[in-house]
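The primary structure of each chain is shown beneath.
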Amino acid sequence: MTHLHRLNSLATFTGTVLAVVCLAVTATDFVHSGEPLVTCEHVSTEGLQKEFGHDRAYVVLNLTADLRSEFVWNTKQLFVFVNVLFETPTNAASEMVAWSSIVKDKEHAVMTLPALRPQYPYAITDQGFNLRGRHFNITVAWNVMPKVGALSKRVRTFAGFRMPADYDNR
Amino acid sequence: MDFEGQKLAEALSMAIVVVAAVLGFLYGYVRQDFAAMMWVFASGTAVAALVGVPDWPMYNKHPVRFLPPKAKEGQRGGGSSGKGGGSGKRKKAASWSTLWGMF
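Residues numbered from 1 in each chain as written. Chains lettered and ligands numbered in written order. Predicted model: local features only at pLDDT ≥ 70, side-chain atom pairs only at ≥ 80, totals over all residues. Heavy atoms only, no water.

### Quick notes on a nonpolar patch on the surface
Among the surface-exposed residues, Leu8, Leu50, Trp56 and Met58 of chain B lie close enough to one another that they form a single nonpolar patch of about 380 Å² accessible area. Mapped onto the elements, Leu8 of chain B comes out in helix H1 (residues 3–31). (Patch = residues over 30% accessible without salt bridge, like charges linked within 9 Å, V, L, I, M, F, W, Y side chains within 5 Å. Areas by Shrake-Rupley, 256 points an atom, 1.4 Å probe, with all protein chains shown as cover. Salt bridge = Lys/Arg side-chain N within 4 Å of Asp/Glu carboxyl O. Helix = DSSP H or I, 4+ residues; strand = E, 2+ residues; numbered from the N terminus.)

And the structure:
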């Protein structure tokens, strides 16, 4: 029984205790329930065009989000997405990421974007010519990445928006 | 370090680690600070290592006392019936060496 034996036994025991502590930390995530304020709406459409055999829309959205309540001691960062969803006679579900962001701390968890344009080129594209007058939903989804434990996914849906009735080649 | 000392060293270091874990968890939860919990836990582990790993004098208070030998050196192999092969072999070796010594 040398000092190395004792150091080894202490290290392994510490590892076991740390695993138990991490389990307890993830257990607090189930107790906590953040109630963030999120709204997103369709403001206007800057263009609805027939391009290369597809319909493409250039929408402007208004995002207001206060995700500060998602930041607890076990939160590392948030992945925030704004998606546009619609269904057409040929495609039962089309979902496109219009905008996304990584929120690393509480200070950046308040988002006020009154004129949010799709971050990625040609984000709102249909496989066909079905966007005119199409009803669509917007979802604001955020993944909470914890320091220990499993990623949790949350989503808010905002429904009842509509594309322009005809092409608008601006 | 004697046997009682091993028992004490292990119990002390384990207790310190567990107490540090519980205190760190509570402190971290109240402060809502994960890093604070880890620092408390790491400090507790360092203290446990300092207390439990080196061979401190307090772990040597119960030295193992061996019983006094039953018989004197010269009388070994004389009368006891317990030792069979070992002592016999030794006897044989001794007789061969004495035989060799004659030449």
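### A few points about the interface of chain A and chain B
Taken together, the 19 residues of chain A in the interface contact 25 residues of chain B. When chain A packs against chain B, close to 1800 Å² is buried across both sides, 82% of that on carbon and sulfur atoms. Looking only at chain A, the three residues that lose the most surface to chain B are Arg6, Leu10 and Trp73 of chain A, adding up to 37% of its buried area. Summed over the shared surface of chain A and chain B, the number is three residue pairs in polar contact (both at pLDDT 80 or more). Its residues placed into classes, the side of chain A that touches chain B shows twelve nonpolar, five polar and two charged. (Contact = heavy atoms within 4.5 Å. Buried area = accessible area lost by both parts, 1.4 Å probe. Polar contact = N/O pair within 3.5 Å; in protein donor to acceptor, adjacent residues only side chain to side chain. Nonpolar A, V, L, I, M, F, W, Y, C, P; charged D, E, K, R; others polar.)

### Structural notes on the domain arrangement of chain A
Residues and elements named next belong to chain A. By domain assignment, chain A separates into domain 1 (1–31) and domain 2 (36–162). Each of domain 1 and domain 2 was reduced to a C-alpha centroid, and the two centroids are 41 Å apart. Each partner contributes to the interface: domain 1 provides five residues, whereas domain 2 provides six residues. When the buried area of domain 1 at its contact with domain 2 is split by residue, Val25, Thr26 and Asp29 rank highest and sum to 74% of it. Here domain 1 is connected to domain 2 by zero salt bridges. Applying the counting criterion to the domain 1 and domain 2 interface returns two residue pairs in polar contact (both at pLDDT 80 or more). Split by residue class, the side of domain 1 that touches domain 2 holds two nonpolar, two polar and one charged. (Domains from an automatic or database assignment.)

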